[in-house]
Amino acid sequence: MEIISYVQDNSRTRGYNPLKNLRPLKTFAVPELQFRHKERNKAASITSSIFSPELKVFSAQKVKSDFSLRSFFKFVGSHVSLAGLYIKEKSKIIVIIASAAALLSLALYFSVKLVVHHINHTGPVVLKNESGDDIETLNKLMATFALEGRIDYDETGKLIDVETSAPKVSFTQPVSYQTYKVRSGDTISGIAKKFGLTNISTLISVNDIGNVRQLAAGQKLKIPSIDGIIYTVKKGDSLSSITEKNKISMEELLDVNELTSETLTAGQQLFLPGAAMDAASLKNAMGELFRLPIAAKFRWSSPYGNRIDPIAGVKSFHTGTDMACPTGTPILAAMSGKVTTTGLNRVYGNYVIIDHGNGYQTLYAHMSKIIASKGQWVSQGTRIGLVGSTGYSTGPHLHFTVYKNGKLIDPMTVLK
């Protein structure tokens with residue numbers, strides 16, 4: 001079916017013959033006409049929407065998710081499978097890359113370790129000739145301090161200034177004891193002299209003193225009537241073996257201890273008249289066994305005594321022992337005592353001097369930082385400074401010097 005359409009102008013208003021301008025007729029199919037009708041309606045709707053004074057309200061709709069554990073694991077599983085296939089296909093390349101990365105990491109690690117080791121360690125310390133005056137001045141200073149605490153007993157504990165012309169004591173009476181209260185300023189040797197004893201090891205042994213330096217005013221001591229030491233019987237001991245080992249008389253041992261039988265029991269205590277402590281035990285009790293001033297890992301880089309200067313090539317004397325370790329390593333007091341000096345020297349850099357009494361004095365040099373203060377009392381093991389490379393030094397290390405009665409000694413003879 002066809003629909004005939006034409007356009008007819010308003011002839012009455014325009015005043016012309018409509019047949020004159022008659023155009024050829026145009027035909028439209030029904031679907032096309034419907035389409036054009038819809039387009040016109042759509043355009044009119046859009047126009048009315050744009051210019052409509054009414055406000056159009058729209059609401060967002062929530063997006064529905066189809067997530068579930070099943071879909072999640074399915075997603076993960078598929079990707080893991082793909083990753084596994086990829087790794088399997090590229091396994092050789094991945095192994096090569098991983099091996100190269102591991103080797104590079106190891107090379108970097110050991111390179112850093114080598115550099116740090118080189119920076120933080122030192123060879124023998126080199127002192128310049130013009131610094132000799134500084135060394136001499138410091139040595140005199142050390143000697144002066146050390147002389148303040150001269151000892152008055154020998155290595156066996158026997159008092160030096162006690163008259164040797166006195167007749168040999170005969171130990172025929174039982175040992176007796178009295179009590180003494182320590183006063184401020186007392187010394188172990190002074191107390192021994194006060195009660196007519198000739199060996200300081202007597203008071204140390206009888207009172208089981210672990211460290212004489214820990215004696216304090218007000219402490220009570222047992223004072224025996226004669227010189228000797230306490231011995232605790234061990235399993236298998238006999239009177240003959242004890243007397244032979246300690247070089248004392250059997251009769252004196254029996255009389256002093258009022259023994260009526262030769263039978264001994266383990267744990268029994270005997271007073272050995274005239275006997276003295278061995279040198280090592282006495283030194284330990286007197287606090288004369290120094291501990292290493294470095295507790296961390298270190299290496300001995302230059303010993304005490306004569307050496308050839310690595311730069312000048314001439315013979316020189318090294319006044320202490322050097323312990324090479326990283327900067328900042330804690331420096332500890334080798335033995336308890338009083339800090340007499342802290343300072344800075346062109347040779348020793350930052351240094352600390354400690355007076356331990358009994359004629360001992362120690363010097364700690366080349367510190368990066370001084371922690372202890374002058375006049376401070378420090379116990380054995382107290383942190384007094386940090387390792388450094390101040391003064392004349394080829395690298396971070398501790399220079400450790402020991403004086404005894406104003407004279408230099410090898411630190412290795414007192415360190416334990």
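Report follows, based on the coordinates. Keep in mind that this is a model prediction, so the values were computed, not measured.

## Quick look at the packing of aromatic side chains
Turning to step 1, where the next piece is worked out: Taken as a whole and judged by the stated rule, the model has 5 aromatic pairs.
Turning to step 2, where the next piece is worked out: Seen from their ring centres, Tyr180 and Phe195 are 5.5 Å apart, and the 75 degrees between their planes marks the pair as edge-to-face. With Tyr180 in strand E3 (residues 177-181) and Phe195 in the loop between helix H6 (188-194) and helix H7 (200-206), this residue pair connects regions lying 15 residues apart in the sequence.
Turning to step 3, where the next piece is worked out: Of the residues examined, Phe195 reaches a relative accessible area of 24% and is grouped as partly exposed.
Turning to step 4, where the next piece is worked out: For the ring pair Phe298 and Trp300, a centre distance of 4.9 Å and an interplane angle of 90 degrees mean the geometry is edge-to-face.
Turning to step 5, where the next piece is worked out: Across from the ring centre of Tyr177, 4.5 Å away, lies the NZ or CZ of Lys222, which sits over that ring.

## Some thoughts on the environment of Cys325
Turning to step 1, where the next piece is worked out: Structurally, Cys325 is set in the loop between strand E10 (321-324) and strand E11 (330-332).
Turning to step 2, where the next piece is worked out: The spacing of Cys325 and Arg299 is 26 residues in sequence and 6.9 Å in space, taken between C-alpha atoms.

## A short note on the nonpolar core
Turning to step 1, where the next piece is worked out: Ranked by size, the top nonpolar core spans 30 residues in total, and within it Ile188, Ile204, Leu272 and Met286 carry the most contacts.
Turning to step 2, where the next piece is worked out: Taken together, the elements giving at least two residues each to this core come down to H6, H7, strand E4 (220-224), strand E5 (228-232), helix H8 (239-246), strand E6 (269-273) and helix H10 (279-285).
Turning to step 3, where the next piece is worked out: The next biggest cluster of nonpolar side chains, apart from the first, holds 24 residues, and it includes Phe290, Met323, Val339 and Val378.

## Side note on the side chain of Asp227
Turning to step 1, where the next piece is worked out: Mapped onto the fold, Asp227 is located in the loop between E4 and E5.
Turning to step 2, where the next piece is worked out: For Asp227, which is buried and forms no salt bridge, the nearest opposite charge comes from Lys158, at a distance of 9.1 Å.
Turning to step 3, where the next piece is worked out: A distance of 3.4 Å separates a polar side-chain atom of Asp227 from the backbone nitrogen of Asn199.
Turning to step 4, where the next piece is worked out: What Asp227 contacts, discounting residues up to four positions off in sequence, is Phe171, Leu197, Thr198, Asn199, Thr202, Phe271, Leu272, Pro273 and Gly274.

Calculation criteria
Residues numbered from 1 in each chain as written. Predicted model: local features only at pLDDT ≥ 70, side-chain atom pairs only at ≥ 80, totals over all residues. Heavy atoms only, no water. Phe/Tyr/Trp six-rings, centres within 6.5 Å; stacked < 30°, edge-to-face > 60°. Helix = DSSP H or I, 4+ residues; strand = E, 2+ residues; numbered from the N terminus. Buried < 20%, exposed > 50% of the residue type's maximum accessible area, 1.4 Å probe, protein only. Lys NZ or Arg CZ within 6 Å of the ring centre and 35° of its normal. Core = buried A, V, L, I, M, F, W, Y, C linked by side-chain atoms within 4.5 Å. Lys, Arg positive; Asp, Glu negative; His and termini not counted. Salt bridge = Lys/Arg side-chain N within 4 Å of Asp/Glu carboxyl O. Polar contact = N/O pair within 3.5 Å; in protein donor to acceptor, adjacent residues only side chain to side chain. Contact = heavy atoms within 4.5 Å.

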